[in-house]
Amino acid sequence: DVKRGGLASARKYAEKFDGFTGDAVRVTDEEFAKADRDIDETVKNALHIAALNIERFHILQKPTRYEVETMPGVKCYREFRPIESVGLYVPGGVASLPSSLLMLGVPARIAGCKRVVVSSPAKENGDVPDAVLYAARLAGVKEFYKIGGAHGVALMAYGDEEIPKVDKIFGPGNQYVSAAKQLVSLDPDGAAIDLPAGPSEVLVIADDNADAGHAALDLLSQAEHGVDSHVVLVSTSEKKAEKILAALEAALKEHKKSKLAVESLRDSAAYVVDSIDAAIELSNAYAPEHLVLNVAEPHIHVKKIHNAGSVFLGAHTPVSVGDYAAGPNHTLPTYGWAKSYGGLSVEHFMKSVTFQEASESGLALLAPSILPLAAVEGLPAHADAVSARLKK
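Keep in mind that what you see is a predicted model, and the values were worked out from it rather than measured.

Novice: Looking at this model, I keep getting lost on helix α11 (residues 276–286). Mind explaining?
Specialist: What sets the pattern is the α-helix's 3.6 residues per turn: residues three or four places apart point alike. Where α11 is concerned, the buried positions are Ile276, Ala279, Ile280, Ser283 and Asn284. When α11 is viewed along its axis, its buried side chains cluster within an angular range of 140° and face the same direction. Counted as exposed and oriented over 90 degrees from the buried face of α11: Glu281 and Ala285. Looking one or two places after α11, you find alanine 287, whose phi comes out positive at around 55°.

Quick look at the structure:
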């Protein structure tokens, strides 16, 4: 429907699913300025620190040109170009996530993308939280639309007369957003996507040294994302596992979103295994978005970890560290996709272009490889394109 009807259809679904009845869909300069004035100074400072750390980590990811002479007279090189028009999806259903805007917007800025569009649901009155708008400005975003959900993804992918489509869509979301991203990526008229980043997951490995209360809160911190979040506990001690589950029950009673977290925990699991090696083997099979290694000597186990979006090492590194301010990206593969995908990086916002140049002598050196292969593959014009130049 959004592909056919563009913005009008997207607005219809924004009203149906999000209660949005505002007049303006695009955030104005006045709204950005108001958010700058009204935002709490503590939150502003927190966003500045997070943005700086994200930039420090991601700027090292910017790929560099390389060149090689594969044969005398045959020069090949590879350069990188930013994707010109990108769309950033920032969740805002259960909670507004200014941290996600920084995780998407800062790498896009480092990559040098010319046009950066944000899609995020507004409140019923049409307002977007100050922290989200301030984060957008920190990341250099100027084009921000107050439409989220699957309809927001569709609007970025297909565009309309007022809003040009984007080339690639980035960002996490619920199961509907994740499905919409994959659908538009299959449509030649749609847009490419970054990676399958759906509902949140965590797998906590806890040995006998782990603090039960801390491990319980690591589980709860992901369960509170939504009813479709998954949390998994793996312990080398049955007694410790029981203590963690008891601590989780206690924490739930104090939790403001306990109903939502309880729904999530219904589909979650706890396992007791014989060793940390067995726990890591289980984790590699599951390929969690977040892996917490809350064990006595985490570093001796790092090389055994093959499938995880991001890993949190030791007693003092909850997932919250990576979710907000340590520096690595929190847009990570879920549903087992960590077996074949890594987390979001600057490279996702860029594409490589290869160049090759042969001199006359270089072409002569390549010919003994090209001509027989063209004959084997039954492509005579390929051979003629070379032999004609050599004859001349």
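Novice: Mind showing me how you'd approach the packing of helix α13 (residues 360–376) against helix α14 (residues 380–391) here?
Specialist: Between two packed helices, the angle of one axis relative to the other and the distance separating the axes together describe the packing. Contact geometry of α13 with α14 gives a least axis separation of 9 Å together with a crossing angle of 150°. Taken together, the axis directions place α13 and α14 in an arrangement best described as roughly antiparallel. Our pair here, α13 against α14, has a crossing hand that is left-handed. Every residue of α14 that contacts α13 at Leu363, Ala364, Ala367, Ile370, Leu371 and Ala374 is listed here: His382, Ala383, Val386, Arg389 and Leu390.

Novice: What exactly am I supposed to notice about the side chain of serine 9 here?
Specialist: Tracing the sequence through the fold places serine 9 in helix α1 (residues 2–18). The exposure class of serine 9 is buried, given its relative accessible area of 7%. Ignoring anything within four residues of it in the chain, the contact list for serine 9 reads Asp1 and Val2.

Novice: What's the story with the pairing of strand β4 (residues 115–119) in this structure? I'm lost.
Specialist: Successive side chains on a regular strand alternate, one facing one side of the sheet and the next facing the other. Burial analysis of β4 places five of its five residues in the buried class, which makes it a mostly covered element. Burial of β4 is two-sided: the residues Arg115, Val117 and Ser119 facing one way and the residues Val116 and Val118 facing the other way are all buried. As judged from the five bridges shared by strand β3 (residues 85–89) and β4, these two strands associate in the parallel manner. Considered in β4, the bridge of serine 85 is made with arginine 115. Of the strand pairs in this sheet, β4 and strand β5 (residues 143–145) are connected by three bridges, and their pairing is parallel. Note on β5: the bridge partner recorded for serine 119 is tyrosine 145. Of the crossover connections in this fold, the one passing from β4 over helix α5 (residues 130–138) to the parallel β5 is right-handed.

Here is what the cut-offs are and how they apply
Residues numbered from 1 in each chain as written. Predicted model: local features only at pLDDT ≥ 70, side-chain atom pairs only at ≥ 80, totals over all residues. Heavy atoms only, no water. Buried < 20%, exposed > 50% of the residue type's maximum accessible area, 1.4 Å probe, protein only. Helix = DSSP H or I, 4+ residues; strand = E, 2+ residues; numbered from the N terminus. Arc of directions from axis to C-beta. Axes fitted to C-alpha atoms, helices over the stretch in contact; angles between N-to-C directions. Parallel < 35°, antiparallel > 145°, perpendicular 65-115°, else oblique. Left-handed = near helix turned anticlockwise from the far one by under 90°. Contact = heavy atoms within 4.5 Å. Pairing = 2+ DSSP bridges. Right-handed = clockwise from strand over helix to strand, strands pointing away.

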